[in-house]
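Remarks on the overall topology
Letter by letter, the chains look like this.
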Number of protein chains: 2
Amino acid sequence: MKAIKKRMKFSPPLVIAGSFASLIFLGTLLLKTPFATTHAISWTDALFVATSATTVTGLSVFDPGTTLTTFGEILLLILIQFGGIGLMTFAVAVLMLFGKKVGFQNRIYLQESFNQQSVGGMIKLVKLIFIFVFSIEAVATLLLALHWMPRFGLGHGLYLALFHVVSAFNNAGFSLFPDNLMQFAHDPIVNLVLSGLFILGGLGFTVVMDLHYKKSFREWSLHTKIMIVSTIVVNVISILTVFLLEYANPATLGAMSLPEKLMASYFQGVTPRTAGFNTINYGDMHNSTLLFTMLLMFIGAGSASTASGIKLTTFIIVLLTTIAFLKGRTEPEVFGRSIKIETVIRSLAITTISLLLVIFFIFLLTVSEKLSFLPLAFEVVSAFGTVGLSMGVTNQISDLGEVFLSIVMFVGRIGPLTLFFLLMKVKKVNYRYPYEQVHTG
Amino acid sequence: MKAIKKRMKFSPPLVIAGSFASLIFLGTLLLKTPFATTHAISWTDALFVATSATTVTGLSVFDPGTTLTTFGEILLLILIQFGGIGLMTFAVAVLMLFGKKVGFQNRIYLQESFNQQSVGGMIKLVKLIFIFVFSIEAVATLLLALHWMPRFGLGHGLYLALFHVVSAFNNAGFSLFPDNLMQFAHDPIVNLVLSGLFILGGLGFTVVMDLHYKKSFREWSLHTKIMIVSTIVVNVISILTVFLLEYANPATLGAMSLPEKLMASYFQGVTPRTAGFNTINYGDMHNSTLLFTMLLMFIGAGSASTASGIKLTTFIIVLLTTIAFLKGRTEPEVFGRSIKIETVIRSLAITTISLLLVIFFIFLLTVSEKLSFLPLAFEVVSAFGTVGLSMGVTNQISDLGEVFLSIVMFVGRIGPLTLFFLLMKVKKVNYRYPYEQVHTG
Ligand SMILES: [K+]
Ligand SMILES: [K+]
């Protein structure tokens, strides 16, 4: 395995980062052409939106529905779909279509992208992903199209349904409506179809496969167990928190009936960990709700999914390790299983790098922008988690700030560890120094 | 050792928390009497300032110089001195003065307070601390008194010198001047004497003892090496950062000459990790400087010192572990020594609990207060690090907010781990579940 890795021309982190970067580069060029937009946009705006689509973030410096032509919208959709499933998966699919054998190198790249432990099942996994993605998207598009056709007409209703289904399933959060989904705040079909899609997309393919093939909790892998239980717990807490904090806010839930309040709380409770759609205006929310939302955006959803952030499992492992320490242990345990110290240290490293990165870019934006602190911090965390929620300041960001946020979206999507493995010359060492005590805390 | 701990009536965390709580309780009662203040203050104000003094924070809801009587000021000073050195140290000193033997139980309490590994050297350590504290304070008071007597008169000059020396050495940051130390922004003697005191106090007694007895770097303990090197590095970075960010800000450094700019940057660079004095107004600083200052306040200074926060060594170990992970290891190494995984996990737990605690209390204050986000977040981090810097909103906090901040100062001072060991019934277990992999990041 080690020997094989050495023989590869490009390291997996380089291929992952390189494929996203190429897609962003291509997207920027195409978005800048006069075919893509109704009026000329700047290079930084093109870069920003191409990055936002490829990294499935959903932040935008202009209103996609009015600024983009149909060509521009379809381009956006393609970037979202390629970025969401991952370029490598597509490359393998194309190779398979042409009947070519998938080389060992490509399998290792795929393995790295999907965080898998063995190379063997990769091709089968990719096939499954494709069948899964396109059948879900087809069914959901049909469902939403039937709902929207009476209002928007046959062709446009189908088109809108397709766009929003792809955007939701890939957790992009882009919408062709000028107020995102705010006009559908009281529409149960739109709420349930789109949230169902982005929750499923945010679990990660390995979890979905586990759910599909193994029907009982006991059979699931530890990873799936943690993902399902913590997704439910975190979502319930989030929905309740939004409901309680915004209950009396006249600009958000205040004027709604109780069922409408509940539906909007549900949607705003589940959207921050990666989807980024909104049915109420984040600029009107209380600072307490916004802070809580930032925490959710930083955590994110599942590994090997369309989500970014540190990932839900990473957060849970950090929490479990803290509890383990209070019990006098170093390795956390859950559902009758122990988690290896290597995984704990990996989680610590991901969390530390992510935190420092987010703080550093908030810092840069407080220098480059004249906006107040919270909207900027919110924007950076949203970009890092490739969430796409905003307090409404995205179009007020300076060119330099747009470049900063594009970097944050890119790093958030490829993962801060991928970035570091790319930049650092890692030299494995086999010696160990003698131990000495250091006082902490 | 384990058997002895079991036989003790009160656990060390309970004694540490209990002694600080009693001192705060007593301080609140005395501050509320008409002898302590020139006009009546509320119970929450008395609680807040008593907590702030005992935890050596320095936040105040009123101007101490005009609101407190001389009795009130001396009371404040006593709370600072007791809180700074730690009540247990005092108790042992009193026992020694009366010629009583110090029992094994008390030694264990002391050991816990000072984070020592062995019980043996504790009594010697306490004696040394006392000699060290009072001789330093005496010399510094004399120095500052000579400087201030021409301006404030013999008696008052000496009194002011004593107050500010005790406040500085214990890193309390309380001042009897209405603008803290802003009028001394250009006074090198005041700057150097007070910052010298709070840097020394913030290193921690064990480090100072190491410096005193072992003259070469090679002889120092790993803890001392890390403390000294990282204190120098962090201070240099901080000073430069403040200098560059505020250089052109007309409300802070803008109007100053270069030497004045440097002196003010030096002071504001070294004060945030625990001291909390200020020679320029934090309310006028750029958001970038304030964010950077919050990071410093969260980190804090040395273990077993007058500082709070997660502590500098904890932060360094988290960073070193992250670097170690990128090199494919679990245990960090520095200065030719490895650090045990138990210390790493302890650092992870301290950082996680501290972060969640700070976020939770910022959240509570965004609910209880109508102030904007950054000043509230700054206030909470300042309270947690028992720093005492403020963007100037302390006197606008509601009664409920004052209670929240008092809790944060208390928990910050005793340490979040002490709190958890106090609240949790820890049951040590000796089995281990089988390992299973979880995907992270
Ligand atoms: K998104
Ligand atoms: K202080």
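Parameters and conventions
- Residues numbered from 1 in each chain as written.
- Chains lettered and ligands numbered in written order.
- Predicted model: local features only at pLDDT ≥ 70, side-chain atom pairs only at ≥ 80, totals over all residues.
- Heavy atoms only, no water.
- Donors = N, O, S within 2.8 Å, 3.2 Å for Na, K, Ca; no water.
- Helix = DSSP H or I, 4+ residues; strand = E, 2+ residues; numbered from the N terminus.
- Buried < 20%, exposed > 50% of the residue type's maximum accessible area, 1.4 Å probe, protein only.
- Axes fitted to C-alpha atoms, helices over the stretch in contact; angles between N-to-C directions.
- Parallel < 35°, antiparallel > 145°, perpendicular 65-115°, else oblique.
- Contact = heavy atoms within 4.5 Å.
- Nonpolar A, V, L, I, M, F, W, Y, C, P; charged D, E, K, R; others polar.
- Buried area = accessible area lost by both parts, 1.4 Å probe.
- Salt bridge = Lys/Arg side-chain N within 4 Å of Asp/Glu carboxyl O.
- Polar contact = N/O pair within 3.5 Å; in protein donor to acceptor, adjacent residues only side chain to side chain.
- Phe/Tyr/Trp six-rings, centres within 6.5 Å; stacked < 30°, edge-to-face > 60°.
- Lys NZ or Arg CZ within 6 Å of the ring centre and 35° of its normal.
- Least-squares fit on C-alpha atoms with pLDDT ≥ 70 in both.

All names here are of chain A. Of the protein atoms, only Val56 (O), Thr57 (O), Asn171 (O), Ala172 (O), Thr274 (O), Ala275 (O), Thr386 (O) and Val387 (O) coordinate the potassium ion (ligand 1), at distances of 2.5 to 3.2 Å. Within one chain, the residues serving as donors to the potassium ion (ligand 1) are arranged as V-T-x113-N-A-x101-T-A-x110-T-V. Of the two residues, alanine 172 sits in the loop between helix H9 (154-169) and helix H10 (188-203) while threonine 386 sits in the loop between helix H17 (373-384) and helix H18 (399-414), which places them 214 residues apart along the sequence. Threonine 386 sits in the buried class, given a relative accessible area of 0%.

Working note: a packed helix pair is described by the angle between its axes plus the distance between those axes. Residue and element names in this part refer to chain A. Packing of helix H11 (residues 205-213) against helix H12 (residues 222-246) leaves a shortest axis separation of 9 Å and a crossing angle of 100 degrees. Classified by the angle their axes make, H11 and H12 are roughly perpendicular. Counting all contacts with H11, which are made through Thr206, Val207, Asp210 and Leu211, the residues of H12 involved are His223, Thr224, Met227 and Ile228. Partitioning the contact of H11 with H12 into residue classes produces 4 nonpolar, 3 polar and 1 charged.

Residues and elements named next belong to chain B. Within the first shell, the potassium ion (ligand 2) binds the protein through Val56 (O), Thr57 (O), Asn171 (O), Ala172 (O), Thr274 (O), Ala275 (O), Thr386 (O) and Val387 (O), at distances of 2.5 to 3.2 Å. Written as a sequence motif, the donor arrangement for the potassium ion (ligand 2) is V-T-x113-N-A-x101-T-A-x110-T-V. Taken as a pair, valine 56 in the loop between helix H3 (43-54) and helix H4 (64-67) and alanine 275 in the loop between helix H13 (258-270) and helix H14 (287-299) lie far apart in primary sequence, 219 residues in all.

Residue-level contacts link 80 residues of chain B with 80 residues of chain A. In this assembly, chain B packs against chain A so that about 7,300 Å² is buried in total across both faces, 70% of it on carbon and sulfur atoms. On the surface where chain B and chain A come into contact, there are 0 salt bridges. At the boundary of chain B and chain A, one finds 0 residue pairs in polar contact (both at pLDDT 80 or more).

Attention now moves to the packing of aromatic side chains. Scanning the model with the defined rule gives 33 aromatic pairs over all chains in all. On the basis of an interplanar angle of 85 degrees and a centroid distance of 5.6 Å, the ring pair of phenylalanine 360 of chain B and phenylalanine 361 of chain B is categorised as edge-to-face. Overall, phenylalanine 360 of chain B belongs to the partly exposed group, its relative accessible area being 45%. Connected via pairs of aromatic rings, a cluster forms that spans Trp148, Phe152, Phe177 and Phe184 of chain A. Looking at lysine 32 of chain A, its charged tip hangs above the ring of tryptophan 43 of chain A, at a distance of 5.3 Å from the centre.

Before going further, it helps to spend a moment on the pattern of salt bridges. Under the criterion given, the structure shown has 4 salt bridges over all chains. The salt bridge partner of arginine 329 of chain A is glutamate 333 of chain A, with a shortest N-O separation of 2.4 Å. We note a salt bridge from aspartate 210 of chain B to lysine 214 of chain B, for which the minimum N-O separation is 3.1 Å. When its relative accessible area of 8% is taken as the criterion, aspartate 210 of chain B is described as buried.

For the rest of this paragraph, the subject is the side chain of serine 167 of chain B. Residue and element names in this part refer to chain B. Along the chain, serine 167 turns up in helix H9 (residues 154-169). Residue classification places serine 167 among the buried residues on the basis of a relative accessible area of 0%. Among the polar contacts made by the side chain of serine 167, one reaches the main-chain amide nitrogen of glycine 173 at a distance of 3.3 Å. Residues within four places of serine 167 in sequence aside, it is in contact with Ile80, Ala172, Gly173, Phe174 and Phe277.

Here we take up the relation of the copies chain B and chain A. Relative to chain A, chain B is turned by 180 degrees and slid 0.0 Å along the rotation axis, the superposed coordinates differing by an RMSD of 0.0 Å. On the angle and the small slide along the axis, the relation comes out as a two-fold axis. Mapped onto chain A, 100% of the interface residues of chain B are again interface residues, and the two copies thus contact each other with one and the same surface.

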